[in-house]
Each structure stands twice: as structure tokens, then as C-alpha cells.
Amino acid sequence: MSVPLPAATHDLPPPKNPPSWDPTDVPPPVYAEDALLALAPEEAARIAATLPLGVRFRLRDALTPVQRAFLDRHGYVVFDRVADRPEVDGILAEVDRIEAELLAAGQRKVYGVPVWFGLDPDGKDFLYRMGFTSVYSAFLAAFVRDARFEPIRRLIGEDARIGDKEKDGVVFNRYVRAEGSLRPSLAWHTDALRDVFYNRRMPGPMLNVGLHFDRIRPADGGLRLLPGTHTQGVWSTLFRKIHFVTQAADRREVPVETWPGDLTVHDGRMWHRVEASPRTGWESLRRSMYVPYVCDAYQPKSEASATPGYMRLFDAIMRWKSARARKQIGG
Ligand SMILES: O=C(O)CCC(=O)C(=O)O
Ligand SMILES: [Fe+2]
């Protein structure tokens, strides 16, 4: 572990819902690249085109030619277990703590971005999504700045920085399927749409960096990507499916299988969704965290920030779902 733990988080309690750490359930080996580190881009592109869509890479000191070519071609890349077990458990414990603090304080927004609370499988208040998570955790703020992520930062831009207080900050997501659940899934969307709202123009290339906390097999639901859709035209980016409404599987979608600690990078212009788990209750739990890297002028949010336009509609839907579930369950 190379993260400098802030004193206050040395004795983090175990998370309430630890992921499965079955030592016999190990991922397939990462793609062997030791002999391919000096490839010319054309050669790397030729190799990337032959790799299976589920290929897993190792994050090294810099992105390799084949990793770059795979990302260029398909719009995503998966890195094998970039965070270790104490880190995964530590982040989950921090989110448990932050959730309890927000609930105790009755806080339902951070910097204008609503925190989505619904019910968990036990009928208790449960955080489904929050932004700006790292602002509440020195542990998390230090973790996302660890040297191992430097190649990811540099991939996005030599002067890219982590936007703890910009856009939606570090976003933490939870999905669970149960009676009264706020969301077991997330419909098809591109992340580019959010940037259209923030910048009022079509975004150029943008990369979204996600950390995955649970063991998700393709049959467990989870992240689904439509490879290659990052290079589509503006029309397809906006209208290929109905943003946040279309749920149906696409025959070209690729399931992203994860082990706790995996890191994904996907192009924000590509279509993706989260498929619900076929299970119910705590067995259906999935958690992800997205780290914003920003290159534009510094535009921090604050307590005084207004709720972004794109969030207002969602928030109204989420509040309605939450209230309905509470009524149905009698909470
Ligand atoms: O949970 C995930 O991995 C995906 C979340 C996502 O696509 C989003 O919040 O925009
Ligand atoms: Fe997304």
C-alpha cells in the first residue's frame, strides 16, 4: 500500500457490505506486453484489433502502445485490480461514514448536486449517488492522487488535474435491487451529454475514469459498453438511443466483468449503461466511483452553487421514486 493514510483514517472500520474476496476467484491473466512496449502506433493498432473485447491490462508507469491503440479503437480499456483490498475496503468504509454523516445532518445536496437517498434491502436509508465524495474524505482525496494514477492523468492531459470540487467531483455510485430500490440499473447514455449542459457545446474527447468495488460477472449485470461509439457523429451521440430512458440490451454491447479494485477508462462520448443484477437484496449490490480529470480553467463549485440544469429533472424523478417507495414500504 503506497497511500499516505491521514491519521484520522488509520483505523477505518470494515465496510458494512464488503465485496467478495474469494481467493479462488482470480481474474484471467493480464495481456502480456513486456515485449511490446516499444511498438510503433500502426503495429500496436494492428495488434489491438486482434484482442478480445474482454482483455484486461496491467497499469504500468505509462500507457503502453497497445493500451492506447485499444482505447482509440474501442473507446475503453480495463486495468486489472489497481486498488488492493485494504484500499477497496477503506474507501467503502469512508462512504459508509459519509453516508451516516449526511443522513445525521439531513444534508441532501453537496455543492448544488443532489445526493440520492433511497432505501436499502432492509428498508433503511441508503445513499445511491453522491458527488464531491473526496471533499469529505482525506483518505479518498489522497488515494485518487496516488502516483500509480499518474499515467491516467497524463493520458488525459499533461496539465490535467483531479477536480475534487469541479463538475460533479468524485462521484460514488451504488446500485441495488430490492423492494423500494431507487435504482438497480442505469439506462443507456453518453457522459458527453452532461458536458453539453455544463459547457453548452459538443465536447471533444473526454475520458472517464472509474474504480470498481465488486466482483461482477457478466451474468450479474453491471457496466455495458457499446464499443466504437466514441467516434460516432454528433447525431448518434445525441440520438442513437434515448438518453437515460432506453434500457434494452444491444446485441453489440460488451459486458465489463470486474474484480474489486479494477479500473476502467472509457470515452465519455461512447454509449453505455448499467444492467441490473438478476438477484435481489444485498447480493445485487454494485458500487463504482468516477474520478473527474479536468484541463479547462479552474471552476470550483461551492455551497452556494445552484443545482445544474441536467440534474433537476433527474432529481425530481429520484425524489418521486424515493417518496413512493417509502409510502409502499410504510417507512
Ligand atoms: O456505475 C458505473 O460504472 C457507470 C456509471 C455511469 O455511467 C454514470 O454515472 O454516468
Ligand atoms: Fe456514464
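These numbers come from a predicted model, not from an experiment.

1. What about the nonpolar core?
Considering soluble globular proteins, one finds that nonpolar side chains tend to be buried as a cluster.
Then, number 1: With 64 residues, the main nonpolar core has Val77, Ile91, Val170, Val209, Val265, Met289 and Val291 as its most contacted residues.
Then, number 2: Looking at which domains feed residues into this core, each of domain 1 (29-74) and domain 2 (83-329) gives three or more.
Then, number 3: When residues no more than four places from it in sequence are discounted, the contact partners of Val209 are Ile152, Leu263, Val265, Tyr290, Val291 and Tyr293.

2. Remarks on the sheet that holds strand E4 (residues 116-119)
Then, number 1: Sheet architecture is open: 7 strands sit in the order E1-E12-E9-E14-E7-E5-E4, paired in antiparallel fashion. Edge positions in the open sheet fall to strand E1 (76-79) and E4, since each of these has one partner strand only. On average, adjacent strands in this sheet sit at an angle of 30° to one another, irrespective of strand direction.
Then, number 2: Here E1 pairs with strand E12 (residues 263-267) via 4 bridges, running antiparallel. Looking at E12, one finds that Val78 is bridged to Thr264.
Then, number 3: Lying over the sheet, helix H2 (residues 65-74) contacts E1 and E12, oriented at roughly 135° with respect to E1.

3. Re unusual backbone geometry
Then, number 1: Here Tyr111, not a glycine, exhibits a phi torsion of approximately 50°, which is positive.
Then, number 2: Turning to its location among the elements, Tyr111 is positioned in the loop between strand E2 (109-110) and strand E3 (113-114).
Then, number 3: Tyr111 gets classed as buried once you count the C-beta atoms within 10 Å, which come to 20.
Then, number 4: Even without a glycine there, the phi angle at Lys167 is positive, about 50°.
Then, number 5: The topology assignment puts Lys167 in the loop between strand E6 (161-162) and strand E7 (171-177).
Then, number 6: Taking the number of C-beta atoms within 10 Å as the measure of exposure, Lys167 has 21 and is therefore buried.

Quick notes on the rules
- All chains use their own residue numbering, which begins from 1 and follows the written sequence.
- To label them, take the chains in the order written and letter them from A, then take the ligands in the order written and number them from 1.
- Confidence filtering applies because this is a predicted model: local features only for residues at pLDDT of at least 70, side-chain atom pairs given and counted only at 80 or more, and all residues used for totals across whole chains, interfaces and linings.
- Put simply, a nonpolar core is buried Ala, Val, Leu, Ile, Met, Phe, Trp, Tyr and Cys residues tied into one set by C-beta atoms within 7 Å.
- A residue is called partly exposed when the number of other C-beta atoms within 10 Å of its own lies between 12 and 20, exposed at 12 or fewer, and buried at 20 or more, with C-beta atoms placed from the backbone.
- Here the bounds of each domain stem from an automatic or database domain assignment.
- Each residue is represented by a C-beta atom placed from its backbone, and any two residues with such atoms within 7 Å are regarded as in contact.
- Two strands pair if DSSP finds at least two bridges between them.
- A helix here means a DSSP run of H or I that spans at least four residues, while a strand means a run of E at least two residues long, and both kinds are numbered starting from the N terminus.
- Lines fitted to C-alpha atoms define the axes here, with helix axes fitted over just the stretch in contact, and angles between the N-to-C directions of these axes take values from 0 to 180 degrees.

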